[in-house]
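Now for the letters of each chain:
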Amino acid sequence: MSGGRPGYDAHGENEAWRVGPKASEHDDRQPTRPSRGLAMRAVLPNAITAAALCSGLTGIRFAIDGVWGMAVTAVILAGLLDGIDGRIARLLKAQSRFGAELDSLADSLSFGVAPALILFLWSLQGLPRFGWFAALAFAICCALRLARFNARIDVAEQPHKSVGFLTGVPAPVGAGLAFLPLYLWLASGEELFRTPLAVALWITVIAALMISNLATLSWTSLRPHATVRLGAIGLAGLLFAALLTEPWWTLVALSLVYLGLMPLGVVRYARIRRLRTAAPATARAADPPGPGSDEPAPLGK
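Everything numeric here is computed off the predicted structure, so don't read it as measured data.

J.: How would you sum up the packing of helix α4 (residues 130–151) against helix α6 (residues 171–178)? Please name residues and give values.
T.: Where α4 meets α6, the closest approach of the two axes is 10 Å, and the angle between their N-to-C directions is 160°. It follows from the interaxial angle that α4 and α6 lie roughly antiparallel. Every pair of crossing elements has a handedness; the one defined by α4 and α6 is right-handed. Between α4 and α6, the residues in contact are Phe138, Cys142, Arg145 and Leu146 and Ala171, Gly174, Ala175 and Ala178, respectively.

Quick look at the structure:
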């Protein structure tokens, strides 16, 4: 035992800084060195997180001006920036508690508050009461999802994550799915997709999916066969071209594909869970009883 202050080791280092939280749902816990402030290499990923926050909030400004396409684009850009800040932090070995907390706050505003306000200004204000409650439900569920993720950071046993799945719909994906009626309206011009009641019910469903316990697919669970990898690269190129030429219909297609893959994630996780449950029982059945066991040894043929 060391005779130092509580919370500090024998070398005087703060033990609370030994393991920093993850910056995103795909990160692993990494040991971090104690420091008096942000290292220079930590500035870049945190600057990207701040840019994602500003992009999401700027979407609200575009919505106030009625520029709906730019409002959606700003939130999507925030999602793209959110997808790279954690990876850059790992690449630079710049993960920190500060970055993780900033990332969670930025996600809550960019993917919870911003989409809720944009959809309210676009459609939900036609239902002054129920529409506002639906927007609040979406923002709150996004915050609850992020709080649940932060609470599980130091939990060693996470059944979904241990086999490459996520729990519920991620916040950036939830924001993208919530915009599906807006995509359809921008692509077709049909006012039917702007119906306040339909939009309110839709974002309520997406809010429930974000805080659900459903196993959803993650990048680590998507492993294309070697024979189709070249085709996947070509498809990614075509997808990028489609986003440039027909962005709204392409986003509609991506949203429908993700929703269609959700049952596949549930089925795949259930199968993996059954195999994991059956493996110990199979191992016990295959091992002969030891000398001190009360079970009779199996008879030979």
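J.: I'd love a proper account of helix α8 (residues 196–210), names of residues and values included.
T.: The end-to-end C-alpha separation of α8 is 21 Å, in line with the 21 Å expected for 15 residues at 1.5 Å each. Among the residues making up α8, those that are buried are Val199, Ala200, Ile203, Ile206, Ala207, Leu209 and Met210.

J.: Quick rundown of the packing of aromatic side chains? Include the residues and the values.
T.: Tallied over the entire structure, the rule returns five aromatic pairs. Considering the side-chain rings of Phe120 and Trp132, the 5.1 Å spacing of their centres and the 75° angle between planes classify their relative orientation as edge-to-face. In this pair, Phe120 sits in helix α3 (residues 97–122) while Trp132 sits in helix α4, placing the two residues 12 residues apart along the sequence. Residue Phe120 is classed as buried on the basis of its relative accessible area of 16%. Measuring from centroid to centroid gives 5.7 Å for Phe165 and Tyr269, while their planes differ by 70°, and the two rings are edge-to-face.

J.: Could you give an account of the pattern of salt bridges, naming the residues involved and the relevant values?
T.: For the coordinates displayed, the defined rule picks out one salt bridge. For Asp65, the salt bridge is made with Arg61, and the minimal N-O distance between the two is 3.5 Å.

J.: Mind laying out the side chain of Ser123, listing which residues take part and the relevant values?
T.: With respect to the helices and strands, Ser123 occurs in the loop between α3 and α4. What makes Ser123 buried here is its relative accessible area of 5%. One polar contact links the side chain of Ser123 to the main-chain carbonyl oxygen of Arg194, over a distance of 2.7 Å. The residues contacting Ser123, other than those within four sequence positions of it, are Arg194, Thr195, Pro196 and Val199.

J.: Account for helix α1 (residues 43–64), with residues named and values stated.
T.: Its 22 residues give α1 an end-to-end C-alpha distance of 32 Å, which sits within 8% of 32 Å, the value for a rise of 1.5 Å per residue. Residues Pro45, Asn46, Ile48, Thr49, Ala52, Leu53, Ser55, Gly56, Gly59, Ile60, Phe62 and Ala63 constitute the buried set of α1. Those residues of α1 that are buried are in contact with α2 (68–91) and α3. Just past α1, the residue Gly66 takes up positive phi, approximately 80°.

J.: Before we move on, could you go through the state of the cysteines and cite the residues and values that matter?
T.: A covalent bond bridging the sulfur atoms of two cysteines is what the word disulfide describes. Applying the stated rule across the entire model yields zero disulfides. The thiol sulfur of Cys142 is not disulfide-bonded, and the nearest other cysteine sulfur, from Cys141, lies at 8.9 Å.

J.: Could you give an account of the confidence of the model for the chain, with specific residues and numbers?
T.: Residue-level pLDDT values for the chain average 81, and 73% of them are 70 or greater. Scored below 50 in pLDDT, residues 1–23 makes 45 contacts in the model with residues more than four places away or belonging to other chains. Every residue in residues 293–301 is under pLDDT 50, and counting partners more than four places away or in other chains gives four contacts.

J.: Let's hear about a nonpolar patch on the surface: which residues, and what values?
T.: On the surface, a nonpolar cluster with roughly 550 Å² of combined accessible area is contributed by Trp132, Phe133, Leu136, Ile140, Leu144 and Ile211. Secondary-structure assignment places Phe133 in helix α4.

J.: Break down the nonpolar core for me, with residues and values.
T.: In terms of nonpolar packing, the biggest core is built from 50 residues, with Leu124, Phe138, Phe179, Leu182, Tyr183 and Ile203 touching the most fellow members. Broken down by secondary-structure element, the contributors of at least two residues to this core are α1, α2, α3, α4, α6, α7 (180–188), α8 and α10 (247–286). Residues contacting Phe179, with those up to four places away along its chain left out, are Val72, Val75, Pro115, Ile118 and Leu119.

Rules of the game
Residues numbered from 1 in each chain as written. Predicted model: local features only at pLDDT ≥ 70, side-chain atom pairs only at ≥ 80, totals over all residues. Heavy atoms only, no water. Axes fitted to C-alpha atoms, helices over the stretch in contact; angles between N-to-C directions. Helix = DSSP H or I, 4+ residues; strand = E, 2+ residues; numbered from the N terminus. Parallel < 35°, antiparallel > 145°, perpendicular 65-115°, else oblique. Left-handed = near helix turned anticlockwise from the far one by under 90°. Contact = heavy atoms within 4.5 Å. Expected span 1.5 Å × (residues − 1). Buried < 20%, exposed > 50% of the residue type's maximum accessible area, 1.4 Å probe, protein only. Phe/Tyr/Trp six-rings, centres within 6.5 Å; stacked < 30°, edge-to-face > 60°. Salt bridge = Lys/Arg side-chain N within 4 Å of Asp/Glu carboxyl O. Polar contact = N/O pair within 3.5 Å; in protein donor to acceptor, adjacent residues only side chain to side chain. Disulfide = S-S within 2.5 Å. pLDDT = per-residue confidence, 0-100. Patch = residues over 30% accessible without salt bridge, like charges linked within 9 Å, V, L, I, M, F, W, Y side chains within 5 Å. Areas by Shrake-Rupley, 256 points an atom, 1.4 Å probe, with all protein chains shown as cover. Core = buried A, V, L, I, M, F, W, Y, C linked by side-chain atoms within 4.5 Å.

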